[in-house]
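A structural walkthrough
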Amino acid sequence: MKNVLIISATNDKNLLLANQLNDIISKMNVLTDLICLEDLNLPLFTSNIDLNNNNINEFSEKLSKSSGLIICGPEYNGGVPPVLSNALTWVSVKSKNWRDAFNGKFAIIATHSGGNGFRFLLAIRSQLEHMGTNVLSRTISVSKDIPLNKDSAKKILNSFIKIIWLTEGCFNTPQNLN
């Protein structure tokens, strides 16, 4: 069975969004795992730190074993929140097979931000694509004034799962995918 790793950069509104997306996608015959990066308590990356941390090893392993990624994060100062960039840096620098975590995977990016989160969506897309991830063009953006459109999210997630199934050689998609 396919599995999707849902990553929330923060433990507030983006974790709520991650949980909402998890509720939708879990009804599509897909295993999910949800992780909040703030809970990892990773130190700020510098080349002087030799991190022997089970949290980063476990996170890297979950990334590597996932069939696809959903990344939820806010726009901070027109870009990627430091906790997300820091976690990706730890994985890419300190993991033996870090390419397995990103290369060839499909991802959806989502945001719950004060505005439309466009700069976050653009910046994290660029970073993920640089690491070999195929980021789908459809994104999910919510704010305090624009709640999650569950019908639209379901269509986006449905397409995401179909792509994963097709690219991993499962040509008969589950019946509960429309």
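It should be noted that the structure appears before, not after, this text.
This write-up is about the structure you can find in this document.

**Structural notes on the packing of helix H1 (residues 13-25) against helix H6 (residues 150-167)**
Packing of H1 against H6 brings their axes to within 10 Å, and their N-to-C directions diverge by 65°. Two packed elements cross with a definite hand, and for H1 against H6 that hand is right-handed. Contact residues: H1 offers Leu21, Ile24 and Ile25, while H6 offers Lys150, Ala153, Lys154, Leu157, Phe160 and Ile161. When its residues are assigned to classes, the contact of H1 with H6 shows 7 nonpolar, no polar and 2 charged.

**Focus: the environment of Pro147**
With respect to the secondary-structure elements, Pro147 resides in the loop between strand E6 (140-142) and H6. Taking the C-alpha atoms as reference, Pro147 lies 9.6 Å from Leu17; in sequence the two are 130 residues apart.

**A short note on the nonpolar core**
Membership of the largest hydrophobic core comes to 28 residues, with the highest contact counts inside it found for Ile7, Phe59, Leu63, Leu84, Phe102, Ile124 and Leu128. Those elements that place two or more of their residues in this core are strand E1 (3-8), helix H2 (54-65), strand E3 (68-72), helix H3 (82-94), helix H4 (99-102), strand E4 (106-112) and helix H5 (118-130). In this structure, Leu84 is in contact with Ala9, Leu37, Ile71, Phe120 and Ile124, ignoring residues within four places of it in sequence. In this structure, Ile6, Ile70, Phe106 and Leu148 belong to the second largest nonpolar core, which totals 25 residues.

**Thoughts on the packing of aromatic side chains**
Tallied over the entire structure, the rule returns 2 aromatic pairs. On the basis of an interplanar angle of 80° and a centroid distance of 4.9 Å, the ring pair of Phe45 and Trp90 is categorised as edge-to-face. Here Phe45, found in the loop between strand E2 (31-36) and H2, pairs with Trp90, found in helix H3; they are 45 residues apart in sequence, far enough to count as distant. Phe45 gets classed as partly exposed once you look at its relative accessible area, which sits at 22%. What makes Trp90 buried here is its relative accessible area of 0%.

**A word on the side chain of Ser143**
Within the secondary structure, Ser143 is located in the loop between E6 and H6. For Ser143, a relative accessible area of 10% translates into the label buried.

**Topic: the pattern of salt bridges**
One side chain can pair with another of opposite charge once the charged atoms of both are near each other. Enumeration over the complete set of coordinates arrives at 4 salt bridges. Between Asp33 and Lys62 there is a salt bridge, and its shortest N-O distance comes to 3.1 Å. One end of the pair, Asp33, is in strand E2; the other, Lys62, is in helix H2, with 29 residues separating them in the sequence. For Asp33, a relative accessible area of 31% puts it in the partly exposed group. The structure contains a network of salt bridges with shared partners spanning Asp33, Glu58 and Lys62.

**Overview of the state of the cysteines**
In a disulfide, the sulfur atoms of two cysteines are held together by a covalent bond. This structure, assessed with the given rule, holds 0 disulfides. Cys36 provides the cysteine sulfur closest to Cys72, a residue in no disulfide bond, and the two sulfurs are 10 Å apart.

What counts, and at which threshold
Residues numbered from 1 in each chain as written. Predicted model: local features only at pLDDT ≥ 70, side-chain atom pairs only at ≥ 80, totals over all residues. Heavy atoms only, no water. Axes fitted to C-alpha atoms, helices over the stretch in contact; angles between N-to-C directions. Helix = DSSP H or I, 4+ residues; strand = E, 2+ residues; numbered from the N terminus. Left-handed = near helix turned anticlockwise from the far one by under 90°. Contact = heavy atoms within 4.5 Å. Nonpolar A, V, L, I, M, F, W, Y, C, P; charged D, E, K, R; others polar. Core = buried A, V, L, I, M, F, W, Y, C linked by side-chain atoms within 4.5 Å. Buried < 20%, exposed > 50% of the residue type's maximum accessible area, 1.4 Å probe, protein only. Phe/Tyr/Trp six-rings, centres within 6.5 Å; stacked < 30°, edge-to-face > 60°. Salt bridge = Lys/Arg side-chain N within 4 Å of Asp/Glu carboxyl O. Disulfide = S-S within 2.5 Å.

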